[in-house]
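Structural description and commentary
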Amino acid sequence: MNPIVQSFVLIVALFGAQPLCGEAASAEDIQAYEAFRNQYGRSEQHGSSDYQQRLAFFIQRKSQVDAQNAKANKTWWAKVNKFTDMTDSEYRSMLGYRP
(Lines give C-alpha, C1' and ligand atoms only; values in the text may rest on other atoms or scores of the structure.)
Protein backbone atom coordinates (compact mmCIF):
# COMPACT_ATOMS: atom_id res chain seq x y z
CA MET A 1 0.00 0.00 0.00
CA ASN A 2 1.16 3.50 -0.77
CA PRO A 3 2.83 5.12 2.30
CA ILE A 4 0.81 8.29 1.86
CA VAL A 5 -2.46 6.36 1.92
CA GLN A 6 -1.25 4.49 5.00
CA SER A 7 -0.51 7.82 6.70
CA PHE A 8 -3.99 9.11 5.90
CA VAL A 9 -5.59 5.97 7.25
CA LEU A 10 -3.55 6.34 10.43
CA ILE A 11 -4.57 9.99 10.84
CA VAL A 12 -8.23 9.18 10.27
CA ALA A 13 -8.07 6.26 12.67
CA LEU A 14 -6.41 8.25 15.42
CA PHE A 15 -8.21 11.56 15.14
CA GLY A 16 -11.44 11.10 13.25
CA ALA A 17 -12.83 7.90 14.57
CA GLN A 18 -16.05 8.82 16.31
CA PRO A 19 -18.92 6.91 14.74
CA LEU A 20 -21.95 8.73 13.45
CA CYS A 21 -24.70 9.00 16.02
CA GLY A 22 -28.36 9.18 15.24
CA GLU A 23 -27.95 9.41 11.47
CA ALA A 24 -29.62 6.83 9.28
CA ALA A 25 -27.39 5.14 6.73
CA SER A 26 -28.42 5.62 3.12
CA ALA A 27 -29.02 2.68 0.82
CA GLU A 28 -25.84 3.68 -1.04
CA ASP A 29 -23.83 3.61 2.22
CA ILE A 30 -25.18 0.18 3.13
CA GLN A 31 -24.47 -1.15 -0.36
CA ALA A 32 -20.88 0.17 -0.18
CA TYR A 33 -20.42 -1.37 3.27
CA GLU A 34 -21.78 -4.71 2.08
CA ALA A 35 -19.29 -4.69 -0.82
CA PHE A 36 -16.54 -3.79 1.68
CA ARG A 37 -17.62 -6.65 3.99
CA ASN A 38 -17.58 -9.13 1.12
CA GLN A 39 -14.16 -7.96 -0.04
CA TYR A 40 -12.57 -8.15 3.41
CA GLY A 41 -14.49 -11.13 4.81
CA ARG A 42 -16.37 -9.38 7.60
CA SER A 43 -18.95 -11.52 9.38
CA GLU A 44 -20.84 -9.34 11.86
CA GLN A 45 -24.50 -10.25 12.06
CA HIS A 46 -26.81 -7.76 10.33
CA GLY A 47 -28.56 -5.54 12.85
CA SER A 48 -26.16 -6.33 15.69
CA SER A 49 -24.64 -3.48 17.66
CA ASP A 50 -21.19 -4.41 16.30
CA TYR A 51 -22.52 -4.24 12.73
CA GLN A 52 -24.10 -0.84 13.37
CA GLN A 53 -20.93 0.55 14.98
CA ARG A 54 -18.71 -0.68 12.15
CA LEU A 55 -21.15 0.63 9.56
CA ALA A 56 -20.98 4.04 11.25
CA PHE A 57 -17.16 4.02 11.23
CA PHE A 58 -17.18 2.94 7.59
CA ILE A 59 -19.58 5.73 6.55
CA GLN A 60 -17.59 8.39 8.38
CA ARG A 61 -14.24 7.29 7.01
CA LYS A 62 -15.55 6.78 3.48
CA SER A 63 -16.87 10.32 3.63
CA GLN A 64 -13.40 11.54 4.60
CA VAL A 65 -11.87 9.55 1.73
CA ASP A 66 -14.39 11.03 -0.71
CA ALA A 67 -13.71 14.57 0.58
CA GLN A 68 -9.96 14.16 0.12
CA ASN A 69 -10.35 12.76 -3.38
CA ALA A 70 -12.74 15.58 -4.38
CA LYS A 71 -10.18 18.30 -3.65
CA ALA A 72 -9.19 20.15 -6.80
CA ASN A 73 -5.49 20.56 -5.97
CA LYS A 74 -4.89 17.31 -4.14
CA THR A 75 -1.39 15.91 -4.00
CA TRP A 76 -2.48 12.44 -2.90
CA TRP A 77 -5.44 10.06 -3.12
CA ALA A 78 -7.17 8.34 -0.23
CA LYS A 79 -8.69 4.88 -0.46
CA VAL A 80 -11.04 2.66 1.52
CA ASN A 81 -9.06 -0.31 2.82
CA LYS A 82 -9.24 -3.13 5.37
CA PHE A 83 -8.87 -0.67 8.27
CA THR A 84 -11.88 1.47 7.37
CA ASP A 85 -14.32 -0.09 9.84
CA MET A 86 -11.90 -0.72 12.71
CA THR A 87 -12.46 0.81 16.12
CA ASP A 88 -9.78 3.05 17.61
CA SER A 89 -8.77 0.39 20.12
CA GLU A 90 -8.50 -2.31 17.43
CA TYR A 91 -6.36 -0.10 15.23
CA ARG A 92 -4.09 1.01 18.06
CA SER A 93 -3.75 -2.57 19.29
CA MET A 94 -2.75 -3.65 15.80
CA LEU A 95 -0.03 -0.99 15.85
CA GLY A 96 1.25 -2.29 19.18
CA TYR A 97 -0.23 0.33 21.51
CA ARG A 98 -1.34 -0.90 24.91
CA PRO A 99 -4.36 0.46 26.77
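Presented here is a report on the structure given in the accompanying data block. (Residues numbered from 1 in each chain as written. Predicted model: local features only at pLDDT ≥ 70, side-chain atom pairs only at ≥ 80, totals over all residues. Heavy atoms only, no water.)

For the rest of this paragraph, the subject is the packing of aromatic side chains. In this structure the tally under the stated criterion is six aromatic pairs. Between Y33 and F36, the aromatic rings sit 5.8 Å apart at their centres with planes inclined by 20°, giving stacked as the arrangement. Within this pair, Y33 and its partner F36 are both found in helix α2 (residues 27-40), separated by three residues, close to a single helical turn. Each member of the pair, Y33 together with F36, is buried. For the ring pair F36 and F58, a centre distance of 5.1 Å and an interplane angle of 45° mean the geometry is tilted. In this pair, F36 is assigned in helix α2 and F58 in helix α3 (residues 49-70), connecting sequence segments 22 residues apart. This pair shows no difference in class: F36 is buried, exactly as F58 is. Members of the aromatic cluster, connected to one another through ring pairs, are Y33, F36, Y40, Y51 and F58. (Phe/Tyr/Trp six-rings, centres within 6.5 Å; stacked < 30°, edge-to-face > 60°. Helix = DSSP H or I, 4+ residues; strand = E, 2+ residues; numbered from the N terminus. Buried < 20%, exposed > 50% of the residue type's maximum accessible area, 1.4 Å probe, protein only.)

To continue, consider a nonpolar patch on the surface. On the surface, a cluster of nonpolar side chains totalling about 310 Å² of accessible area is made up of M94, L95 and Y97. Residue placement: L95 occurs in the segment after α4 (88-94). (Patch = residues over 30% accessible without salt bridge, like charges linked within 9 Å, V, L, I, M, F, W, Y side chains within 5 Å. Areas by Shrake-Rupley, 256 points an atom, 1.4 Å probe, with all protein chains shown as cover. Salt bridge = Lys/Arg side-chain N within 4 Å of Asp/Glu carboxyl O.)

As a further point, take the pattern of salt bridges. Per the counting criterion, the structure on display carries six salt bridges. The closest approach of N and O atoms between R54 and E44, which form a salt bridge, is 3.6 Å. Of this pair, R54 sits in helix α3 while E44 is found in the loop between α2 and α3, placing the two residues 10 residues apart along the sequence. The same class applies to R54 as to E44, namely buried. When the shortest N-O distance is used, the salt bridge between D88 and R61 registers 3.8 Å. Note that D88 is positioned in helix α4 and R61 in helix α3, a separation of 27 residues in sequence. With respect to burial, D88 and R61 carry one shared label: buried. Through salt bridges with shared partners, a single network forms among E44, D50, R54 and E90.

This part is about α2. Spanning 14 residues, α2 covers 20 Å between terminal C-alpha atoms, matching the ideal 20 Å at 1.5 Å per step. Residues of α2 that are buried: Y33, F36 and R37. All buried residues of α2 fall inside an arc of 100° around its axis, so they share one side. Opposite the buried face of α2, by more than 90 degrees, sit the exposed residues A27, E28, Q31, N38 and Q39. Tucked inside the fold, the buried residues of α2 contact α3. Looking one or two places after α2, you find G41, whose phi comes out positive at around 65°. (Expected span 1.5 Å × (residues − 1). Arc of directions from axis to C-beta. Contact = heavy atoms within 4.5 Å.)

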